[in-house]
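Each chain, letter by letter, is given below.
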Number of protein chains: 2
Amino acid sequence: MAEFMDVHRGMKGITDDQLMEAHRADLAIEGEEGVHFKHAWADPESGTVYCLSEGPSADAVQRVHQRAGHPADEIHAVPVAV
Amino acid sequence: MAEFMDVHRGMKGITDDQLMEAHRADLAIEGEEGVHFKHAWADPESGTVYCLSEGPSADAVQRVHQRAGHPADEIHAVPVAV
């Protein structure tokens, strides 16, 4: 299992409820891809959302986000962390 | 106190030791700005580093990174999180 940081843009004005709803949509199906979304952070002003996950591949992470209706703009494996 | 996600680019090939060294340089001076760097994640392939911190302002976060020798390319307040 590897760790991934993905980035969504264009989410200006995102609220706590909207982020939670999007996160729950990921959690509902993530197991089918062997992925787990651990955290998400949003900047409503610039419309940027960062999601930290673990899973078998960036493609698996993207499949969950796509099926949940919010594909990521970037996905980075982050094998180096402190 | 607010939470911030900042992004550094151009760090291709960054190693565990290099990330730890950069993180320690932040930790050594962060208290002077009322900032705390909580985590950092790096993608050595694209050269992208994400840092999660808390502090009084984005400017304070940037001052720590600048003084430690690695200014961030972007800093986002992330008041919405799950």
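Details of the structure are given in the entry above.
Described below are features of the structure shown in this document. These figures come from a predicted structure and were not determined experimentally. (Residues numbered from 1 in each chain as written. Chains lettered and ligands numbered in written order. Predicted model: local features only at pLDDT ≥ 70, side-chain atom pairs only at ≥ 80, totals over all residues. Heavy atoms only, no water.)

What follows covers the relation of the copies chain A and chain B. You can overlay chain A on chain B at an RMSD of 0.0 Å; the transform is a turn of 180° with a shift of 0.0 Å along its axis. Within this description, the copies of the chain are treated as partners about a two-fold rotation axis. In terms of proximity to the rotation axis, the leading residue of chain A is A:Tyr50, whose C-alpha is 4.8 Å off the axis. Both copies present the same face, since 100% of the interface residues in chain A are matched by interface residues at the equivalent positions in chain B. (Least-squares fit on C-alpha atoms with pLDDT ≥ 70 in both. Contact = heavy atoms within 4.5 Å.)

The sheet contact formed by strand β5 (residues 80-81) of chain A and strand β2 (residues 36-43) of chain B spans two bridges and is antiparallel. Each bridged residue has a counterpart across the sheet, and for A:Ala81 the counterpart in β2(B) is B:Trp41. Sheet topology places β2(B) next to strand β3 (residues 48-55) of chain B; seven bridges connect them, and they run antiparallel. Note that in β3(B) the partner of B:His39 across the bridge is B:Leu52. Hairpin connection of β2(B) to β3(B): four residues between the antiparallel strands, including B:Gly47 at a positive phi of 75°. (Pairing = 2+ DSSP bridges. Helix = DSSP H or I, 4+ residues; strand = E, 2+ residues; numbered from the N terminus.)

All names here are of chain A. Most of strand β3 (residues 48-55) is tucked away, with seven of its eight residues classed as buried. As paired strands, strand β1 (residues 2-8) and β3 are joined by seven bridges and run antiparallel to one another. Across the sheet, Ala-2 pairs through a bridge with Gly-55, a residue of β3. (Buried < 20%, exposed > 50% of the residue type's maximum accessible area, 1.4 Å probe, protein only.)

All names here are of chain A. Scanning the entire structure with this criterion turns up twelve salt bridges over all chains. Across the pair Arg-67 and Glu-32 runs a salt bridge whose closest N-O atoms are separated by 2.6 Å. Pair noted here: Arg-67 is in helix α2 (residues 58-67) and Glu-32 is in the loop between α1 (16-29) and β2 (36-43), with a separation of 35 residues, a long-range link. Here Glu-33 makes a salt bridge to Arg-67, at a shortest N to O gap of 3.7 Å. Separated by 34 residues along the polypeptide, Glu-33 in the loop between α1 and β2 and Arg-67 in helix α2 bring together distant segments of the chain. (Salt bridge = Lys/Arg side-chain N within 4 Å of Asp/Glu carboxyl O.)

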